[in-house]
Amino acid sequence: MARGIRQLVHAFGVSVPVVARALGRRRSLGRPRCEDASSDEGLPERATGIPDSGREATSGVDEAGATVCRISVAQSSQSTVLVVEIKGSMPRFDQPTAVSARITLTDVVPDSDNPHPVLSRHPQHRDASSNAFCLTVGLGVVQPDTTVVSQWLKVAEVPVEWLQFPTKGTMVLAGGVELLCGESGLPLAAAQSTVEYINPELGYLDAECSLRKAHTLAVSLALAVTSAHHELSAAQVGRLRAWARSNILMSSETQADARQLDKALDKAAVFFARHHEVDLERICGDVATIVPIGNRCRIFELCLDAVRARGFADQRDISLLESVAAWLEIDPLKATTLLDEFLPATMRQVAGPDTALGITADMSPDDIRRRLNAQYRKWHARVTSSDPAVRAQADAMLRLISNVRSEHAAPSTAQAARDPDVPQDQAEEPAAQIGS
(Lines give C-alpha, C1' and ligand atoms only; values in the text may rest on other atoms or scores of the structure.)
Protein backbone atom coordinates (compact mmCIF):
# COMPACT_ATOMS: atom_id res chain seq x y z
CA MET A 1 0.00 0.00 0.00
CA ALA A 2 1.33 3.39 -0.95
CA ARG A 3 2.47 5.73 1.80
CA GLY A 4 -0.35 8.12 1.03
CA ILE A 5 -2.94 5.40 1.65
CA ARG A 6 -1.26 4.42 4.95
CA GLN A 7 -1.42 8.02 6.10
CA LEU A 8 -5.04 8.24 5.08
CA VAL A 9 -5.94 5.07 6.96
CA HIS A 10 -4.27 6.55 10.04
CA ALA A 11 -6.24 9.76 9.74
CA PHE A 12 -9.54 8.06 8.99
CA GLY A 13 -9.18 4.75 10.77
CA VAL A 14 -6.90 4.74 13.79
CA SER A 15 -7.23 8.17 15.32
CA VAL A 16 -11.01 8.40 14.98
CA PRO A 17 -13.17 5.52 16.27
CA VAL A 18 -16.28 6.53 14.37
CA VAL A 19 -14.54 6.13 11.01
CA ALA A 20 -12.68 3.05 12.20
CA ARG A 21 -16.06 1.40 12.55
CA ALA A 22 -16.73 2.29 8.94
CA LEU A 23 -13.65 0.37 7.81
CA GLY A 24 -15.13 -2.96 8.83
CA ARG A 25 -16.29 -5.01 11.80
CA ARG A 26 -14.11 -7.84 13.04
CA ARG A 27 -14.94 -10.22 15.82
CA SER A 28 -13.97 -13.74 16.75
CA LEU A 29 -16.39 -16.02 18.52
CA GLY A 30 -15.49 -19.18 20.31
CA ARG A 31 -17.85 -21.93 21.39
CA PRO A 32 -20.80 -20.74 23.45
CA ARG A 33 -20.39 -20.86 27.18
CA CYS A 34 -22.97 -23.28 28.57
CA GLU A 35 -24.15 -22.25 32.01
CA ASP A 36 -26.36 -25.31 32.21
CA ALA A 37 -25.90 -28.64 30.50
CA SER A 38 -28.99 -30.66 31.21
CA SER A 39 -30.30 -30.98 27.64
CA ASP A 40 -30.81 -34.49 26.38
CA GLU A 41 -27.88 -34.23 23.97
CA GLY A 42 -25.36 -32.42 26.20
CA LEU A 43 -23.11 -29.67 24.82
CA PRO A 44 -23.88 -28.36 21.32
CA GLU A 45 -21.87 -29.40 18.34
CA ARG A 46 -20.58 -26.82 15.87
CA ALA A 47 -23.62 -26.01 13.76
CA THR A 48 -23.30 -24.78 10.18
CA GLY A 49 -25.59 -22.96 7.83
CA ILE A 50 -26.44 -26.28 6.14
CA PRO A 51 -25.84 -29.07 8.69
CA ASP A 52 -25.76 -32.77 7.86
CA SER A 53 -28.20 -33.51 10.67
CA GLY A 54 -30.00 -31.79 13.50
CA ARG A 55 -27.84 -30.31 16.24
CA GLU A 56 -29.16 -29.26 19.61
CA ALA A 57 -28.20 -26.48 21.94
CA THR A 58 -28.20 -26.28 25.70
CA SER A 59 -31.39 -25.63 27.56
CA GLY A 60 -32.17 -24.35 31.02
CA VAL A 61 -32.11 -26.71 33.95
CA ASP A 62 -35.54 -28.07 34.85
CA GLU A 63 -35.36 -26.90 38.43
CA ALA A 64 -38.52 -27.32 40.46
CA GLY A 65 -40.40 -28.14 37.30
CA ALA A 66 -39.75 -24.76 35.67
CA THR A 67 -40.48 -24.28 31.98
CA VAL A 68 -37.33 -24.65 29.86
CA CYS A 69 -36.59 -24.40 26.14
CA ARG A 70 -33.95 -25.42 23.67
CA ILE A 71 -33.07 -24.29 20.18
CA SER A 72 -31.28 -26.39 17.57
CA VAL A 73 -30.21 -26.17 13.94
CA ALA A 74 -31.64 -28.83 11.63
CA GLN A 75 -32.16 -29.55 7.96
CA SER A 76 -35.75 -29.88 6.82
CA SER A 77 -36.86 -31.22 3.47
CA GLN A 78 -36.63 -27.72 1.95
CA SER A 79 -34.21 -25.61 3.97
CA THR A 80 -32.17 -25.12 7.12
CA VAL A 81 -34.40 -24.41 10.12
CA LEU A 82 -34.07 -23.37 13.73
CA VAL A 83 -36.12 -25.78 15.85
CA VAL A 84 -37.56 -24.34 19.06
CA GLU A 85 -38.84 -26.74 21.76
CA ILE A 86 -40.09 -26.48 25.35
CA LYS A 87 -40.81 -28.79 28.25
CA GLY A 88 -41.30 -28.64 32.01
CA SER A 89 -43.94 -27.21 34.27
CA MET A 90 -46.93 -25.38 32.84
CA PRO A 91 -48.83 -22.67 34.70
CA ARG A 92 -51.85 -23.93 36.67
CA PHE A 93 -55.29 -22.88 35.44
CA ASP A 94 -58.69 -23.22 37.00
CA GLN A 95 -60.30 -23.76 33.62
CA PRO A 96 -59.23 -24.65 30.06
CA THR A 97 -57.04 -21.76 28.83
CA ALA A 98 -55.54 -20.96 25.43
CA VAL A 99 -51.77 -20.51 25.59
CA SER A 100 -49.40 -19.12 22.95
CA ALA A 101 -45.61 -18.85 22.69
CA ARG A 102 -43.68 -15.76 21.56
CA ILE A 103 -40.26 -16.52 20.07
CA THR A 104 -37.44 -14.00 19.67
CA LEU A 105 -33.84 -14.34 18.44
CA THR A 106 -30.72 -12.28 19.16
CA ASP A 107 -27.02 -12.54 18.34
CA VAL A 108 -25.16 -12.62 21.65
CA VAL A 109 -21.99 -10.56 21.18
CA PRO A 110 -19.16 -11.60 23.55
CA ASP A 111 -17.97 -8.96 26.02
CA SER A 112 -20.86 -6.67 25.12
CA ASP A 113 -24.05 -5.65 26.87
CA ASN A 114 -25.73 -4.87 23.53
CA PRO A 115 -26.75 -8.03 21.66
CA HIS A 116 -27.75 -7.55 18.04
CA PRO A 117 -31.30 -8.52 17.10
CA VAL A 118 -31.99 -11.00 14.35
CA LEU A 119 -34.29 -9.24 11.86
CA SER A 120 -37.28 -10.69 10.03
CA ARG A 121 -37.64 -10.56 6.27
CA HIS A 122 -41.43 -10.89 6.63
CA PRO A 123 -43.55 -8.08 8.14
CA GLN A 124 -45.94 -10.57 9.78
CA HIS A 125 -43.09 -11.98 11.88
CA ARG A 126 -41.75 -8.72 13.30
CA ASP A 127 -41.86 -7.01 16.64
CA ALA A 128 -44.48 -4.26 16.74
CA SER A 129 -41.89 -1.53 17.32
CA SER A 130 -39.00 -2.71 15.10
CA ASN A 131 -37.90 -5.10 12.37
CA ALA A 132 -36.66 -7.64 14.95
CA PHE A 133 -37.86 -11.20 14.46
CA CYS A 134 -40.83 -12.05 16.68
CA LEU A 135 -43.02 -15.09 16.02
CA THR A 136 -46.14 -15.89 18.01
CA VAL A 137 -47.63 -19.39 17.70
CA GLY A 138 -50.64 -20.89 19.40
CA LEU A 139 -50.04 -23.94 21.61
CA GLY A 140 -53.70 -24.82 21.96
CA VAL A 141 -55.88 -25.05 25.03
CA VAL A 142 -54.22 -26.20 28.26
CA GLN A 143 -56.48 -28.25 30.53
CA PRO A 144 -56.53 -27.67 34.30
CA ASP A 145 -55.07 -31.13 34.98
CA THR A 146 -52.14 -30.61 32.56
CA THR A 147 -49.30 -29.30 34.72
CA VAL A 148 -46.13 -30.88 33.33
CA VAL A 149 -44.84 -31.47 29.80
CA SER A 150 -42.37 -34.27 30.34
CA GLN A 151 -41.18 -34.66 26.74
CA TRP A 152 -39.77 -31.96 24.48
CA LEU A 153 -42.61 -30.23 22.66
CA LYS A 154 -41.78 -28.65 19.32
CA VAL A 155 -43.08 -25.08 19.30
CA ALA A 156 -41.87 -23.95 15.86
CA GLU A 157 -39.48 -24.54 12.98
CA VAL A 158 -38.11 -21.22 11.73
CA PRO A 159 -36.57 -21.34 8.22
CA VAL A 160 -33.36 -19.30 8.13
CA GLU A 161 -34.65 -17.72 4.89
CA TRP A 162 -37.07 -15.79 7.07
CA LEU A 163 -34.22 -14.21 8.99
CA GLN A 164 -31.64 -11.50 8.44
CA PHE A 165 -28.63 -12.03 10.69
CA PRO A 166 -26.33 -9.22 11.86
CA THR A 167 -23.08 -10.56 10.40
CA LYS A 168 -21.63 -13.28 8.26
CA GLY A 169 -19.87 -16.16 9.98
CA THR A 170 -20.05 -17.73 13.42
CA MET A 171 -22.45 -16.34 15.98
CA VAL A 172 -24.15 -17.41 19.19
CA LEU A 173 -27.90 -17.18 18.80
CA ALA A 174 -30.04 -16.76 21.89
CA GLY A 175 -33.59 -17.95 21.42
CA GLY A 176 -36.19 -16.77 23.89
CA VAL A 177 -39.60 -18.33 24.43
CA GLU A 178 -42.28 -16.54 26.42
CA LEU A 179 -45.57 -18.29 27.23
CA LEU A 180 -48.56 -15.98 27.02
CA CYS A 181 -52.13 -16.24 28.16
CA GLY A 182 -54.20 -16.47 25.00
CA GLU A 183 -57.00 -14.21 26.23
CA SER A 184 -55.10 -11.43 27.97
CA GLY A 185 -51.67 -11.79 26.36
CA LEU A 186 -50.08 -11.58 29.82
CA PRO A 187 -46.76 -13.41 30.24
CA LEU A 188 -46.96 -16.70 32.14
CA ALA A 189 -43.40 -18.05 31.95
CA ALA A 190 -40.17 -17.47 30.01
CA ALA A 191 -37.03 -19.42 29.09
CA GLN A 192 -33.95 -18.94 26.93
CA SER A 193 -31.48 -21.18 25.12
CA THR A 194 -28.41 -20.63 22.94
CA VAL A 195 -26.98 -22.33 19.88
CA GLU A 196 -23.93 -21.69 17.71
CA TYR A 197 -24.75 -20.96 14.08
CA ILE A 198 -22.66 -20.09 11.02
CA ASN A 199 -24.35 -17.62 8.71
CA PRO A 200 -23.04 -18.11 5.14
CA GLU A 201 -24.32 -14.75 3.85
CA LEU A 202 -23.46 -11.12 4.52
CA GLY A 203 -25.44 -9.68 7.42
CA TYR A 204 -27.13 -6.31 7.75
CA LEU A 205 -24.22 -4.92 9.78
CA ASP A 206 -21.77 -6.14 7.13
CA ALA A 207 -23.70 -4.30 4.43
CA GLU A 208 -23.84 -1.18 6.59
CA CYS A 209 -20.09 -1.31 7.26
CA SER A 210 -19.36 -1.89 3.57
CA LEU A 211 -21.42 1.17 2.67
CA ARG A 212 -19.69 3.29 5.32
CA LYS A 213 -16.31 2.08 4.08
CA ALA A 214 -17.32 2.99 0.52
CA HIS A 215 -18.35 6.47 1.62
CA THR A 216 -15.06 6.89 3.48
CA LEU A 217 -13.20 5.89 0.32
CA ALA A 218 -15.39 8.33 -1.64
CA VAL A 219 -14.27 11.26 0.51
CA SER A 220 -10.66 10.12 0.20
CA LEU A 221 -11.00 9.92 -3.58
CA ALA A 222 -12.60 13.37 -3.83
CA LEU A 223 -9.85 14.90 -1.69
CA ALA A 224 -7.17 13.29 -3.83
CA VAL A 225 -8.77 14.43 -7.10
CA THR A 226 -9.36 18.03 -6.03
CA SER A 227 -5.85 18.46 -4.60
CA ALA A 228 -3.97 16.66 -7.38
CA HIS A 229 -3.11 19.85 -9.31
CA HIS A 230 -4.42 22.72 -7.16
CA GLU A 231 -4.56 23.84 -3.56
CA LEU A 232 -7.64 22.78 -1.62
CA SER A 233 -9.99 25.66 -0.98
CA ALA A 234 -12.12 26.16 2.13
CA ALA A 235 -15.22 25.82 -0.03
CA GLN A 236 -14.10 22.40 -1.25
CA VAL A 237 -13.32 21.11 2.24
CA GLY A 238 -16.65 22.44 3.47
CA ARG A 239 -18.50 20.69 0.65
CA LEU A 240 -16.81 17.38 1.46
CA ARG A 241 -17.41 17.81 5.20
CA ALA A 242 -21.15 18.26 4.61
CA TRP A 243 -21.25 15.18 2.38
CA ALA A 244 -19.29 13.08 4.90
CA ARG A 245 -21.60 14.05 7.74
CA SER A 246 -24.66 13.11 5.69
CA ASN A 247 -23.31 9.79 4.40
CA ILE A 248 -20.79 8.39 6.90
CA LEU A 249 -22.39 9.28 10.22
CA MET A 250 -25.43 7.33 11.36
CA SER A 251 -28.47 8.93 12.93
CA SER A 252 -27.67 7.27 16.27
CA GLU A 253 -24.22 8.86 16.48
CA THR A 254 -23.64 11.98 18.51
CA GLN A 255 -22.22 15.44 17.98
CA ALA A 256 -19.01 14.13 19.51
CA ASP A 257 -18.84 11.56 16.71
CA ALA A 258 -19.41 14.34 14.19
CA ARG A 259 -16.56 16.38 15.66
CA GLN A 260 -14.29 13.33 15.50
CA LEU A 261 -15.20 12.86 11.85
CA ASP A 262 -14.45 16.54 11.17
CA LYS A 263 -11.02 16.16 12.79
CA ALA A 264 -10.30 13.11 10.64
CA LEU A 265 -11.33 15.01 7.52
CA ASP A 266 -9.13 17.97 8.48
CA LYS A 267 -6.14 15.63 8.96
CA ALA A 268 -6.77 14.02 5.59
CA ALA A 269 -7.10 17.45 3.94
CA VAL A 270 -3.73 18.50 5.38
CA PHE A 271 -2.19 15.28 4.14
CA PHE A 272 -3.49 15.77 0.59
CA ALA A 273 -2.60 19.47 0.62
CA ARG A 274 1.04 18.38 0.87
CA HIS A 275 0.57 16.54 -2.45
CA HIS A 276 1.56 13.12 -1.16
CA GLU A 277 1.49 10.37 -3.76
CA VAL A 278 -1.79 8.46 -3.73
CA ASP A 279 -2.70 5.45 -5.85
CA LEU A 280 -6.01 6.73 -7.20
CA GLU A 281 -6.51 3.75 -9.48
CA ARG A 282 -6.28 1.44 -6.48
CA ILE A 283 -8.81 3.47 -4.47
CA CYS A 284 -11.18 3.37 -7.44
CA GLY A 285 -10.64 -0.38 -7.74
CA ASP A 286 -11.54 -0.84 -4.06
CA VAL A 287 -14.69 1.21 -4.58
CA ALA A 288 -15.65 -0.73 -7.70
CA THR A 289 -15.42 -4.06 -5.88
CA ILE A 290 -17.82 -3.16 -3.05
CA VAL A 291 -20.13 -0.52 -4.52
CA PRO A 292 -22.86 -1.08 -7.15
CA ILE A 293 -22.73 1.06 -10.27
CA GLY A 294 -25.48 3.46 -9.16
CA ASN A 295 -23.58 4.43 -6.01
CA ARG A 296 -20.33 4.63 -7.99
CA CYS A 297 -21.95 7.35 -10.09
CA ARG A 298 -22.82 9.20 -6.87
CA ILE A 299 -19.18 8.96 -5.77
CA PHE A 300 -18.06 10.31 -9.15
CA GLU A 301 -20.57 13.15 -8.75
CA LEU A 302 -18.97 13.94 -5.37
CA CYS A 303 -15.59 14.32 -7.08
CA LEU A 304 -17.14 16.56 -9.74
CA ASP A 305 -18.96 18.65 -7.14
CA ALA A 306 -15.76 19.10 -5.14
CA VAL A 307 -13.92 20.33 -8.24
CA ARG A 308 -16.85 22.61 -9.10
CA ALA A 309 -16.64 24.19 -5.63
CA ARG A 310 -13.26 25.64 -6.68
CA GLY A 311 -14.95 27.61 -9.44
CA PHE A 312 -12.93 26.34 -12.40
CA ALA A 313 -11.38 23.22 -13.90
CA ASP A 314 -8.42 22.99 -16.23
CA GLN A 315 -7.47 20.27 -18.67
CA ARG A 316 -5.50 18.37 -16.03
CA ASP A 317 -8.63 18.17 -13.88
CA ILE A 318 -10.76 17.00 -16.81
CA SER A 319 -8.25 14.31 -17.82
CA LEU A 320 -7.97 13.04 -14.26
CA LEU A 321 -11.75 12.94 -13.84
CA GLU A 322 -12.08 11.00 -17.10
CA SER A 323 -9.55 8.48 -15.75
CA VAL A 324 -11.41 8.22 -12.46
CA ALA A 325 -14.65 7.49 -14.33
CA ALA A 326 -12.89 4.73 -16.28
CA TRP A 327 -11.36 3.23 -13.10
CA LEU A 328 -14.80 3.27 -11.46
CA GLU A 329 -16.11 1.43 -14.55
CA ILE A 330 -18.70 4.11 -15.31
CA ASP A 331 -20.14 4.12 -18.81
CA PRO A 332 -18.19 6.69 -20.93
CA LEU A 333 -21.37 8.38 -22.21
CA LYS A 334 -22.69 8.66 -18.64
CA ALA A 335 -19.35 10.07 -17.48
CA THR A 336 -19.34 12.66 -20.28
CA THR A 337 -22.89 13.71 -19.42
CA LEU A 338 -21.96 14.19 -15.75
CA LEU A 339 -18.82 16.11 -16.68
CA ASP A 340 -20.84 18.49 -18.84
CA GLU A 341 -23.47 18.89 -16.12
CA PHE A 342 -21.09 19.67 -13.25
CA LEU A 343 -18.28 21.33 -15.19
CA PRO A 344 -19.73 23.14 -18.22
CA ALA A 345 -17.47 24.68 -20.83
CA THR A 346 -17.87 28.10 -19.20
CA MET A 347 -16.04 26.76 -16.11
CA ARG A 348 -13.26 25.00 -17.98
CA GLN A 349 -9.85 26.60 -18.45
CA VAL A 350 -8.77 24.54 -21.42
CA ALA A 351 -6.28 25.09 -24.20
CA GLY A 352 -8.96 26.00 -26.73
CA PRO A 353 -12.55 25.45 -27.83
CA ASP A 354 -11.60 22.27 -29.70
CA THR A 355 -10.52 20.69 -26.44
CA ALA A 356 -13.73 21.79 -24.71
CA LEU A 357 -15.74 19.99 -27.39
CA GLY A 358 -13.62 16.84 -27.34
CA ILE A 359 -11.94 17.42 -30.71
CA THR A 360 -8.42 16.02 -30.94
CA ALA A 361 -5.63 16.51 -33.46
CA ASP A 362 -5.88 12.95 -34.79
CA MET A 363 -9.53 13.34 -35.88
CA SER A 364 -10.38 13.36 -39.55
CA PRO A 365 -12.71 16.05 -40.99
CA ASP A 366 -15.56 13.54 -40.94
CA ASP A 367 -14.83 12.67 -37.29
CA ILE A 368 -14.84 16.37 -36.39
CA ARG A 369 -18.09 16.92 -38.23
CA ARG A 370 -19.77 14.00 -36.44
CA ARG A 371 -18.46 15.18 -33.09
CA LEU A 372 -19.83 18.70 -33.66
CA ASN A 373 -23.17 17.34 -34.85
CA ALA A 374 -23.45 15.20 -31.70
CA GLN A 375 -22.59 18.18 -29.50
CA TYR A 376 -25.15 20.31 -31.33
CA ARG A 377 -27.95 17.79 -30.80
CA LYS A 378 -27.06 17.48 -27.15
CA TRP A 379 -27.06 21.20 -26.36
CA HIS A 380 -29.89 22.17 -28.72
CA ALA A 381 -32.18 19.85 -26.70
CA ARG A 382 -31.46 21.93 -23.60
CA VAL A 383 -32.29 25.40 -24.87
CA THR A 384 -35.90 24.99 -23.70
CA SER A 385 -35.00 23.74 -20.24
CA SER A 386 -36.96 25.17 -17.31
CA ASP A 387 -33.67 25.79 -15.50
CA PRO A 388 -32.23 29.23 -16.46
CA ALA A 389 -28.69 28.04 -15.73
CA VAL A 390 -29.09 25.10 -18.10
CA ARG A 391 -30.50 27.39 -20.82
CA ALA A 392 -27.60 29.81 -20.42
CA GLN A 393 -25.10 26.96 -20.58
CA ALA A 394 -26.80 25.56 -23.70
CA ASP A 395 -26.71 28.96 -25.44
CA ALA A 396 -23.01 29.35 -24.64
CA MET A 397 -22.22 25.88 -25.94
CA LEU A 398 -24.16 26.40 -29.15
CA ARG A 399 -22.23 29.61 -29.82
CA LEU A 400 -19.01 27.75 -29.16
CA ILE A 401 -20.03 24.95 -31.55
CA SER A 402 -20.87 27.51 -34.25
CA ASN A 403 -17.48 29.19 -33.89
CA VAL A 404 -15.57 25.92 -33.96
CA ARG A 405 -17.57 24.69 -36.97
CA SER A 406 -16.66 27.81 -38.91
CA GLU A 407 -12.96 27.14 -38.25
CA HIS A 408 -13.15 23.65 -39.73
CA ALA A 409 -14.09 22.63 -43.24
CA ALA A 410 -17.85 22.19 -42.99
CA PRO A 411 -19.47 19.53 -45.20
CA SER A 412 -21.73 20.59 -48.04
CA THR A 413 -25.46 20.53 -47.59
CA ALA A 414 -25.62 17.47 -49.82
CA GLN A 415 -23.06 15.67 -47.67
CA ALA A 416 -24.93 16.58 -44.51
CA ALA A 417 -28.19 15.35 -46.01
CA ARG A 418 -26.58 11.98 -46.70
CA ASP A 419 -25.10 11.77 -43.18
CA PRO A 420 -27.42 9.74 -40.91
CA ASP A 421 -25.90 11.47 -37.84
CA VAL A 422 -27.23 14.89 -38.89
CA PRO A 423 -30.90 15.74 -38.28
CA GLN A 424 -32.77 16.76 -41.44
CA ASP A 425 -33.65 20.20 -40.11
CA GLN A 426 -29.95 20.78 -39.47
CA ALA A 427 -28.97 19.47 -42.91
CA GLU A 428 -31.20 22.00 -44.58
CA GLU A 429 -29.49 25.00 -43.00
CA PRO A 430 -25.92 26.25 -43.43
CA ALA A 431 -23.62 25.20 -40.64
CA ALA A 432 -22.85 28.82 -39.81
CA GLN A 433 -26.43 29.28 -38.63
CA ILE A 434 -26.14 26.65 -35.89
CA GLY A 435 -26.47 28.16 -32.46
CA SER A 436 -27.71 31.51 -33.73
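Everything quoted here is computed from the prediction, not taken from an experiment.

### Side note on the overall build of the protein chain
Phase 1 of the analysis: From N to C terminus, the protein chain includes 14 helices and 13 strands.
Phase 2 of the analysis: For the protein chain, the residues scored as buried account for 46% of the 436 residues in total.

### A closer look at helix α7 (residues 293-308)
Phase 1 of the analysis: Look at α7: 22 Å from first C-alpha to last across 16 residues, which is about the 22 Å you get at 1.5 Å a residue.
Phase 2 of the analysis: Among all positions of α7, only Arg-296, Cys-297, Ile-299, Phe-300, Leu-302, Cys-303, Leu-304, Asp-305, Ala-306 and Val-307 are buried.
Phase 3 of the analysis: Residues of α7 that are buried sit in contact with α3 (204-226), α4 (234-247), α6 (280-290), β12 (313-314), α8 (315-327) and α9 (332-342).

### Things to note about the packing of α3 against α6
Phase 1 of the analysis: Where α3 meets α6, the axes come as close as 10 Å, and the angle between the chain directions of the two elements is 155°. Between α3 and α6, the crossing angle belongs to the class labelled roughly antiparallel. Of the two elements, α3 crosses α6, and the hand of that crossing is left-handed. Touching Ser-210, Lys-213, Ala-214, Leu-217, Leu-221, Ala-224 and Val-225 of α3 are Leu-280, Ile-283, Cys-284, Asp-286, Val-287 and Ile-290, all from α6.
Phase 2 of the analysis: The residue inventory of the contact of α3 with α6, partitioned by class, reads ten nonpolar, one polar and two charged.

### A few points about the confidence of the model for the protein chain
Phase 1 of the analysis: Averaged over every residue, the pLDDT of the protein chain is 75; residues scoring 70 or more account for 75%.
Phase 2 of the analysis: By mean pLDDT, the top-scoring element of the protein chain is strand β6 (residues 119-120) (93), and the lowest-scoring one is helix α2 (residues 17-22) (30).

### Some thoughts on the pattern of salt bridges
Phase 1 of the analysis: All chains considered together, the criterion is met by 13 salt bridges.
Phase 2 of the analysis: Each of the salt bridges in this network shares a partner with another, and the network as a whole consists of Arg-241, Arg-245, Asp-262 and Asp-266.

### Topic: the packing of aromatic side chains
Phase 1 of the analysis: By the definition in use, this model includes two aromatic pairs.
Phase 2 of the analysis: With centroids separated by 5.0 Å and ring planes inclined at 35°, the aromatic side chains of Phe-165 and Tyr-197 adopt a geometry described as tilted. Here Phe-165, found in the loop between β9 (163-164) and β10 (169-181), pairs with Tyr-197, found in strand β11 (residues 187-199); they are 32 residues apart in sequence, far enough to count as distant.
Phase 3 of the analysis: In this structure Phe-165 comes out as buried when scored by relative accessible area, which is 4%.
Phase 4 of the analysis: With a centroid separation of 5.1 Å and an interplanar angle of 75°, the aromatic rings of Phe-271 and Phe-272 are classed as edge-to-face.
Phase 5 of the analysis: The class for Phe-271 is buried, based on a relative accessible area of 6%.
Phase 6 of the analysis: For Phe-272, a relative accessible area of 2% translates into the label buried.

### Description of the nonpolar core
Phase 1 of the analysis: Within the largest apolar cluster, 51 residues are counted, with the highest numbers of intra-cluster contacts made by Leu-221, Leu-223, Val-225, Phe-300, Leu-321 and Leu-343.
Phase 2 of the analysis: A per-element tally of this core places α3 first, with nine residues.
Phase 3 of the analysis: Those residues in contact with Leu-343, other than ones at most four positions away along the chain, are Leu-304, Val-307, Arg-308, Ala-313, Ile-318, Leu-321, Leu-338 and Arg-348.
Phase 4 of the analysis: Of all hydrophobic cores here, the second largest spans 31 residues; its members include Val-73, Ala-156, Leu-173 and Leu-179.

### Topic: the environment of Asp-94
Phase 1 of the analysis: Tracing the sequence through the fold places Asp-94 in the loop between β3 (80-89) and β4 (97-108).
Phase 2 of the analysis: Judged by its relative accessible area of 83%, Asp-94 falls in the exposed class.
Phase 3 of the analysis: Along the primary structure Asp-94 and Gln-143 are separated by 49 residues, whereas in three dimensions their C-alpha atoms are 8.5 Å apart.

### Observations concerning α6
Phase 1 of the analysis: Residues of α6 that are buried include every one of Leu-280, Ile-283, Cys-284, Val-287 and Ala-288, and no others. Along the long axis of α6, the arc covered by the buried residues comes to 135°, so they all point the same way.

### Observations concerning a negative patch on the surface
Phase 1 of the analysis: A cluster of like negative charges, contributed by Glu-277, Asp-279, Glu-281 and Asp-286, occupies part of the molecular surface.
Phase 2 of the analysis: Its location among the elements puts Glu-277 in the loop between α5 (255-273) and α6.

About the thresholds
- Within each chain, residue numbers correspond to sequence positions counted from 1 in written order.
- Only residues with pLDDT of 70 or above have their local features reported here, since the model is predicted, and side-chain atom pairs are shown and tallied only from 80 upward, although totals for entire chains, interfaces and linings are computed over all residues.
- No hydrogens and no water enter the side-chain calculation; it runs on all heavy atoms of the structure.
- Secondary structure follows DSSP: runs of H or I at least 4 residues long count as helices, runs of E at least 2 residues long count as strands, and numbering of each begins at the N terminus.
- Buried, partly exposed and exposed residues are distinguished by accessible area as a fraction of the type maximum, computed with a 1.4 Å probe on protein chains only: under 20%, between the cut-offs, and over 50%, respectively.
- Every helix has an expected span of 1.5 Å times one less than the residues it contains.
- Note on contacts: a residue pair qualifies if any of its non-hydrogen atoms lie within 4.5 Å across the two residues.
- A fitted line through C-alpha atoms serves as each axis, taken over the contacting stretch for helices, and the angle formed by two N-to-C directions is quoted from 0 to 180°.
- Small angles under 35 degrees read as roughly parallel and large ones over 145 as roughly antiparallel, with 65 to 115 read as roughly perpendicular and the rest as oblique.
- For a crossing to be left-handed, the near helix must be turned anticlockwise from the far one by less than a right angle; the clockwise case is right-handed.
- Amino acids outside the nonpolar list (Ala, Val, Leu, Ile, Met, Phe, Trp, Tyr, Cys, Pro) and the charged list (Asp, Glu, Lys, Arg) are all regarded as polar, and Gly is one of them.
- On a range of 0 to 100, pLDDT expresses the predictor's confidence in each residue.
- Just to be clear on terms, a salt bridge is a Lys or Arg side-chain nitrogen sitting within 4 Å of an Asp or Glu carboxyl oxygen.
- The rule is short: rings of Phe, Tyr and Trp, with Trp giving its six-membered ring, pair when the centres are within 6.5 Å, and they are stacked under 30 degrees, edge-to-face over 60, tilted in between.
- Note on terminology: a nonpolar core comprises buried Ala, Val, Leu, Ile, Met, Phe, Trp, Tyr and Cys residues joined through side-chain atoms within 4.5 Å.
- Of all possible arcs, the one meant is that of the directions from the helix axis to the C-beta atoms.
- Two joining distances apply to patches: 9 Å for like charges and 5 Å for nonpolar side chains (Val, Leu, Ile, Met, Phe, Trp, Tyr), and every residue must have over 30% relative accessible area and no salt bridge.
- Note on areas: Shrake-Rupley, 1.4 Å probe, and residue coverage restricted to the protein chains presented here.
- In this tally, Lys and Arg are treated as positive and Asp and Glu as negative; His is ignored, and so are the chain termini.
- Where a charge sits is defined by one atom per residue type, namely NZ (Lys), CZ (Arg), CG (Asp) or CD (Glu).

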